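Results of the structural survey
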Amino acid sequence: MDYRPAPDLRARVRETLGVVLGRPIEPGDPFFRDDQPDWDSLKHIELVFALEGALGVRFEADELGELTDVEAIAGLAERHGAT
Amino acid sequence: MRHELVLEGHAFRLRPIGPQDAEFVLALRTASRVQGRLHPVSGLLGDQVAWIEGYLRRPGDWYWVVERSLDGRPEGTLGLYDLEADRSRAEWGRWLLRPGSLGAPESALLLYRAAFEKLGLAEVHCRTVATNAAVVSFHDRSGLERTGVLPGAFVLGDTVVDAVEHSLTRDRWPFTRDLLEVRAAQAAEILSRGSR
């Protein structure tokens, strides 16, 4: 099955990334980690906790490498039951 | 330099490197994701063993494996070297971690703990390939002072690259310690959840 997270979930992901990284993220912007110089390993840990709080999910340790962009985060959150 | 300095953190440990770690180091250094950011290596295990054996005879040089405290799984390396004659200042680097490792904050924290609390240094500095934005950002965010850009600091194969230099002094270490401690504890909490 092709997972397509609900638009509101993606909006919450964008909003959380935007708050933690200090800039707005426009709809449609994939916001890849590799393109964000300030999305470093310290910020990544901060983001995990912020995303978990905002989305009501709990990621596993070996999933953190999958949190690479808006769509990937939303997809993983949805698999954890976020809507 | 042969040493016995072990540092324990929440979820990670620094332990002295040895020739038995050569295969692990070689795998880290030859991974495609780090190419262009490190001095090229031959790819031969024997050369890596010889390099580590040479390191063990070199004074003023501490080189560690970053490993998980729980099971000793190696996740990376780092080192402190080029100790200045008055023993007040050294450079740190050789910092490589497996992809996806959560060991960055704690390994840096333990390195600084070794430098300031075990070895009594007054300052440590590091030079990062300027295009390695995530590591430059890590040092900025850790509270290190960005002391300058060093044009042409590294020759990596056929390419000359600039470096960004950062410095941490002993008087600023408590600030960096507290900051990294928070993230290291968070990383440990995540790791305590286990895997799928």
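1. Looking at the interface of chain B and chain A
Of the residues lining the interface, 21 residues belong to chain B; the matching set on chain A comes to 19 residues. With both chains or domains summed, chain B and chain A bury close to 1,900 Å², and 59% of this area falls on carbon and sulfur atoms. Applying the counting rule to chain B against chain A returns four salt bridges. Of the charged contacts in the structure, one is a salt bridge between R183(B) and E46(A), with a shortest N-O distance of 3.2 Å. Summed over the shared surface of chain B and chain A, the result is eight residue pairs in polar contact (both at pLDDT 80 or more). Looking at the side of chain B that touches chain A, the elements with two or more residues in it are α3 (104-118), α4 (133-141) and α5 (173-191) of chain B. With eight residues, the top contributor of residues to the side of chain B that touches chain A is α5(B). For the side of chain B that touches chain A, the per-class residue count stands at eleven nonpolar, five polar and five charged.

2. Points about the pairing of strand β6 (residues 123-129) of chain B
All names here are of chain B. Taking burial as the measure, the seven residues of β6 include six buried ones, the bulk of the element. When strand β5 (residues 89-97) meets β6, the two strands line up parallel, connected through three bridges. Residue pairing for β6: E91 is matched across the bridge by H125. Once the chain exits β5 it traverses α3 before rejoining the sheet at β6, and the crossover so formed is right-handed. Alignment of β6 against strand β8 (residues 159-169), held across seven bridges, turns out to be antiparallel. Of the residues in β8, the one forming a bridge with R127 is E165.

What counts and what doesn't
Throughout this description, residue numbers start from 1 for each chain and increase along the sequence as written. Chain letters and ligand numbers both follow the written order, the letters beginning at A and the numbers at 1. It should be noted that, the model being predicted, local features are given only for residues of pLDDT at least 70 and side-chain atom pairs only at 80 or more, the latter also being counted only at that level, while totals for whole chains, interfaces and linings use all residues. Water and hydrogen atoms were dropped before computing side-chain values, which therefore reflect all heavy atoms in the structure. The criterion used for residue contact is that any of the two residues' heavy atoms lie within 4.5 Å. Buried area, as used here, totals the accessible surface that two parts lose on assembly, with accessibility defined by a 1.4 Å probe and the loss added over both. What makes a salt bridge here is a side-chain nitrogen of Lys or Arg within 4 Å of a carboxyl oxygen of Asp or Glu, nothing more. N or O atoms closer than or at 3.5 Å make up a polar contact, with two conditions inside protein: a donor-capable atom paired with an acceptor-capable one, and, for residues adjacent in sequence, both atoms drawn from side chains. Segments assigned H or I by DSSP are reported as helices when at least four residues long, segments assigned E as strands when at least two residues long, and all are numbered from the N terminus. Note on residue classes: Ala, Val, Leu, Ile, Met, Phe, Trp, Tyr, Cys and Pro are nonpolar, Asp, Glu, Lys and Arg are charged, and everything else, Gly too, is polar. Each residue is assigned to one of three classes by its accessible area relative to the maximum for its type, calculated with a 1.4 Å probe on protein chains only: buried under 20%, partly exposed between the two thresholds, exposed over 50%. When DSSP finds at least two bridges between two strands, those strands are taken to pair. By convention, a crossover is right-handed whenever its connection, traced from the first strand over the helix to the second and viewed with the strands pointing away, goes clockwise.

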